[in-house]
Amino acid sequence: GSQIGCPVLLIAGLFDAFTPAYCMQRMARRMRHARLVVDPLSTHATVLEHPERVLGEVRTFVELEAPRFARLSSFDFGRKEQSPRGVGGSLSDID
């Protein structure tokens, strides 16, 4: 069985010669909480070829899986406080 217990999003390009979609499908079957998305028009560079599709899939995945992430993490997702310097944050956090 899989040792990966957290939600996983796998995005594959149908024409990916380096990591073929069928390999990604095998990986997804071995993970308890995996979601596989196959882009029918891209290669290994799906994020560069179809960034809007990838962003949409990531956004949907995070929205659907956020409750599970919260249960698996010790991070307090409800707290609103600035990130430590150098970890996340925004450009406005930089002096």
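Everything discussed here concerns the structure shown above.
Parameters at a glance
Residue indices begin from 1 for each chain and proceed along its sequence in written order. Thresholds applied to this predicted model are a pLDDT of at least 70 for local features of residues and 80 or more for the giving and counting of side-chain atom pairs; totals over whole chains, interfaces and linings are not thresholded and use all residues. Hydrogens and water are ignored here; the side-chain numbers use all heavy atoms of the structure. Note on terminology: a nonpolar core comprises buried Ala, Val, Leu, Ile, Met, Phe, Trp, Tyr and Cys residues joined through side-chain atoms within 4.5 Å. Each residue is placed in one exposure class: buried if its accessible area under a 1.4 Å probe, protein chains only, is under 20% of its type's maximum, exposed if it is over 50%, and partly exposed if it falls in between. In this description a helix means any DSSP run of H or I spanning at least four residues, a strand means any run of E spanning at least two, and both kinds are numbered starting from the N terminus. A pair of strands is treated as paired once DSSP finds two or more bridges between them. Seen with its strands pointing away from the viewer, a crossover is right-handed when the path leading from the first strand over the helix to the second is clockwise. We define a salt bridge as a side-chain nitrogen of Lys or Arg found within 4 Å of a carboxyl oxygen belonging to Asp or Glu. Any two residues having at least one pair of non-hydrogen atoms within 4.5 Å are treated as being in contact.

Caption draft 1: Representation of the nonpolar core within the structure. In this structure, Val8, Leu10, Ala12, Ala21, Met24, Ala28 and Met31 together form the largest nonpolar core, which totals seven residues. Among the secondary structure elements, those contributing two or more residues to this core are strand E1 (8–13) and helix H1 (21–30).

Caption draft 2: Structural view of the pairing of strand E2 (residues 34–39). One ladder, built from six bridges, connects E1 with E2; its direction is parallel. Within the sheet, the bridge partner assigned to Leu10 lies in E2 and is Leu36. Between the parallel pair E1 and E2, the chain is carried across by H1, and the sense of this crossover is right-handed.

Caption draft 3: Region of the structure containing the pattern of salt bridges. Using the criterion set out here, one finds three salt bridges in the structure. For Asp39, the salt bridge is made with Arg53, and the minimal N-O distance between the two is 3.9 Å. A residue pair is termed long-range when its members are at least 10 positions apart, and Asp39 in strand E2 and Arg53 in helix H3 (residues 51–72) qualify at 14 residues. Classification of Asp39 by relative accessible area gives buried; the value is 3%.

Caption draft 4: Examining the side chain of Glu57 more closely. Take Glu57: it is sitting in helix H3. Ignoring sequence-local partners within four residues, the contact set of Glu57 consists of Leu9, Ile11, Arg35 and Val37.

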